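One letter stands for each residue in the lines below.
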Number of protein chains: 2
Amino acid sequence: MAHIDILIRRLRSDTHIDAEDAAAIARLPVHVRDVPAQTSIVRTGERPNACCLLVKGFACRAKITDMGKRQILSFHVAGDIPDLQSLFLRSMDHDLVSISPATLAFIAHSDVLKLVDERPSVAHALWRETLIDAAIFREWIVNLGARDAPARMGHLFAELYHRMAAVGLVQGNEFEFSVTQAELAEALGISAVHANRIIQRFRSEGVLDVRRNHVALLDFPTVQAISGFDPAYLHQLTRRGAPE
Amino acid sequence: MAHIDILIRRLRSDTHIDAEDAAAIARLPVHVRDVPAQTSIVRTGERPNACCLLVKGFACRAKITDMGKRQILSFHVAGDIPDLQSLFLRSMDHDLVSISPATLAFIAHSDVLKLVDERPSVAHALWRETLIDAAIFREWIVNLGARDAPARMGHLFAELYHRMAAVGLVQGNEFEFSVTQAELAEALGISAVHANRIIQRFRSEGVLDVRRNHVALLDFPTVQAISGFDPAYLHQLTRRGAPE
DNA sequence: CGATTTGTTGACTAATATCAAACTGTGTGG
DNA sequence: CCACACAGTTTGATATTAGTCAACAAATCG
């Protein structure tokens, strides 16, 4: 499987592209690179001239405050282009960092721009991807502003479950995901100690089992109930291909 | 001044459009409507067939959680198109509500789509607008997740100052802005009582004076310092037209 | 001008942070 | 293969921030 196929699979999960579009995307030249965990891929203030497709592994976007605190903005899985916005926002306003060993496929901005100007349907599809990215940020704002810590954590894993299912990375109620409790805390806006206590409670209650490299949604209905999770904001096309 | 001119002014503050693009935008047919404060303009789940340009007044986007709590996602000022994402995300994942009497100019999706497919530069400009929208959400995540309540409030008003300055709506260090303390609390993810106490402290310290319809940034350097505000994430073109 | 919304205050409570120490697992070099 | 180093996790005690409730005051509106 070519590296870029994961992108086409991903796009098909939430947008409409036809065979010709897919073929045009598949023709995009890519530059593949493997990185270890904890590698900064793009940094705040840089002006990348390529977008980064995550082919394998996990990454996150994060901002550092003036007080030196890091806030993780989003987690990314295979098929995501976490810095697609750099196509029109020249300078990065945050960092992109791997949180596991990862395979990246870089696609030059110039090639993407040529493609979107030639094929409006691809432009619409990629624009839509960036809009879904924003929709996920909106839901994350709700999470941080309006839900307590256990609900936030439940919500995060319910979302990841859906997003990973879209690219075929879940088995039953479980999926591989590499994250430390400290990283989780940075995403949820809580302390690492508090994150640990919530994880333990979920584990003992048989709701959710979060490990260093693996997540099991032991009781999805409960996770959904305590977190108020509703996948509508992901704007995915349903299995049945229902209209969006 | 035609209603749509505020949009052109706004676009020029953070994107590059030429005279022909501006003329093409100015030719977009609009349907103008005045609404009182606290009016729901578009609701969650709806599938609007037009975008809404805010010509005058203020609005916010908000989500209601399953617990009935409302989280305000963003505030909007004249020149914003708060639901531009509906162009490609058919169903709304949040509400758009006026927070003051407001004038709205609705632009049919079909007209916008025709324009963006005919003029790539306009497509790029509008796409860029939605990306800046997302960049603001990212910063708001940092605010809610990594800063304490006073910093959040300072940050909100520092941002509004910049955004309103871009469309010429500030006088000195002051600007008109209509918001109740309860709404502020819903945006900041704190209780109304706590919001009130912070406002009073800022007022007594001569840092920031937030009133029902008016905001004065009495001491901008201090606001900036306590909130860690850095306008880079707004991706505005500087006054001097410096490159972005 | 009365009615309603918005803002203000105090007392009390709950959620979460901080700190510090100890423990566990995993990989590395001797 | 062991021992050590290190990163990650777990625990308890204590501190702080912010929430809730309830009453009242002040603005605002029809």
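From a predicted model like this one, the values you see are computed outputs, not experimental measurements.

(A) Quick look at the protein's contact with DNA strand C. Around DNA strand C sit 16 residues, and of these Ile190 of chain A together with Gln181, Asn196, Arg197 and Gln200 of chain B come closest. Backbone sugar and phosphate groups make up 68% of those atoms of DNA strand C lying within 4 Å of the protein. Residue Ala149 of chain A places a main-chain N or O atom 3.3 Å away from a phosphate oxygen belonging to DNA strand C. At 3.0 Å, a backbone N or O of Ser191 of chain A approaches a phosphate oxygen of DNA strand C. At the level of secondary structure, the elements contributing two or more residues to the surface near DNA strand C comprise α7 (192-204) of chain A together with α7 (192-204) of chain B. Per-element tally for the surface near DNA strand C: the top contributor is α7 of chain B, with five residues. Considered class by class, the residues forming the surface near DNA strand C number four nonpolar, seven polar and five charged.

(B) Focus on the domain arrangement of chain A. Residue and element names in this part refer to chain A. The domain boundaries assigned to chain A delineate domain 1 (5-119) and domain 2 (139-234). Taken over C-alpha atoms, the centre of domain 1 sits 23 Å from the centre of domain 2. Taken together, the contacts link 17 residues of domain 1 with 18 residues of domain 2. Both faces combined, the contact of domain 1 with domain 2 buries some 1500 Å², and carbon together with sulfur accounts for 59% of it. Three residues stand out in domain 1 for area buried against domain 2, namely Phe58, Phe75 and Val77, and they jointly supply 37% of the buried area on that side. Where domain 1 packs against domain 2, one counts two salt bridges.

(C) Inspection of the relation of the copies chain A and chain B at higher detail. For the pair chain A and chain B, the best superposition has an RMSD of 0.0 Å and corresponds to a rotation of 180° with a translation of 0.0 Å parallel to the axis. Those values place the two copies in the arrangement expected of a two-fold rotation axis. Minimal C-alpha separation from the rotation axis in chain A is found for Ala134 of chain A, amounting to 2.5 Å. Counting the interface residues of chain A, we find that 100% of their copies in chain B are interface residues as well, pointing to one common contact surface.

(D) Summary view of the sheet that holds strand β3 (residues 50-56) of chain B. All names here are of chain B. Here three strands make up an open sheet; going across it, the order is β1-β7-β3 and the pairing antiparallel. Strands at the two margins of the open sheet, each flanked by one partner only, are β1 (31-35) and β3. Mean inter-strand twist for the sheet, computed between neighbouring axes without regard to direction, equals 30°. In this sheet, strand β7 (residues 102-108) lies alongside β3 in antiparallel orientation, the contact comprising six bridges. Paired with Leu53 across the two strands is Ala105, which belongs to β7. Packed onto the sheet, helix α3 (residues 109-118) meets β3 and β7 and runs at close to 60° relative to β7.

(E) Up close: α7 of chain B. Residue and element names in this part refer to chain B. With 13 residues, α7 extends 18 Å between its outermost C-alpha atoms, agreeing within 8% with the 18 Å of an ideal straight helix rising 1.5 Å per residue. Every buried residue belonging to α7 is among Ala195, Ile198, Ile199 and Phe202, and all of these are buried. Down the axis of α7, the sector holding all buried residues measures 100°, keeping them to one side. Facing away from the buried side of α7 by over 90 degrees, the exposed positions are Arg197 and Ser204. Residues of α7 that are buried make contact with α5 (149-166), α6 (181-188), β10 (209-210) and α8 (220-227).

(F) Expanded view of the sheet that holds strand β3 (residues 50-56) of chain A. Residues and elements named next belong to chain A. Spatially, the three strands line up as an open sheet ordered β1-β7-β3, and their pairing is antiparallel. The two strands at the open ends of the sheet, each matched to only one other strand, are β1 (31-35) and β3. Adjacent strand axes in the sheet meet at a mean angle of 30° when their direction is disregarded. On top of the sheet, helix α3 (residues 109-118) reaches β3 and β7 (102-108); it is set at about 60° to β7, its chief contact.

(G) Region of the structure containing the packing of aromatic side chains. Following the criterion strictly, the structure yields 14 aromatic pairs over all chains and no others. Judged by centre distance (6.5 Å) and plane angle (85°), the ring pair of Phe157 of chain B and Phe177 of chain B falls under edge-to-face. A residue pair is termed long-range when its members are at least 10 positions apart, and Phe157 of chain B in helix α5 and Phe177 of chain B in the loop between β9 (174-176) and α6 qualify at 20 residues. When sorted by exposure, Phe157 of chain B lands in the same class as Phe177 of chain B, which is buried. In this structure an aromatic cluster arises from ring pairing among Phe58, Phe75, Phe157 and Phe177 of chain A.

Definitions and limits used
- Residues numbered from 1 in each chain as written.
- Chains lettered and ligands numbered in written order.
- Predicted model: local features only at pLDDT ≥ 70, side-chain atom pairs only at ≥ 80, totals over all residues.
- Heavy atoms only, no water.
- Near = heavy atom within 4 Å.
- Polar contact = N/O pair within 3.5 Å; in protein donor to acceptor, adjacent residues only side chain to side chain.
- Helix = DSSP H or I, 4+ residues; strand = E, 2+ residues; numbered from the N terminus.
- Nonpolar A, V, L, I, M, F, W, Y, C, P; charged D, E, K, R; others polar.
- Domains from an automatic or database assignment.
- Contact = heavy atoms within 4.5 Å.
- Buried area = accessible area lost by both parts, 1.4 Å probe.
- Salt bridge = Lys/Arg side-chain N within 4 Å of Asp/Glu carboxyl O.
- Least-squares fit on C-alpha atoms with pLDDT ≥ 70 in both.
- Pairing = 2+ DSSP bridges.
- Axes fitted to C-alpha atoms, helices over the stretch in contact; angles between N-to-C directions.
- Expected span 1.5 Å × (residues − 1).
- Buried < 20%, exposed > 50% of the residue type's maximum accessible area, 1.4 Å probe, protein only.
- Arc of directions from axis to C-beta.
- Phe/Tyr/Trp six-rings, centres within 6.5 Å; stacked < 30°, edge-to-face > 60°.

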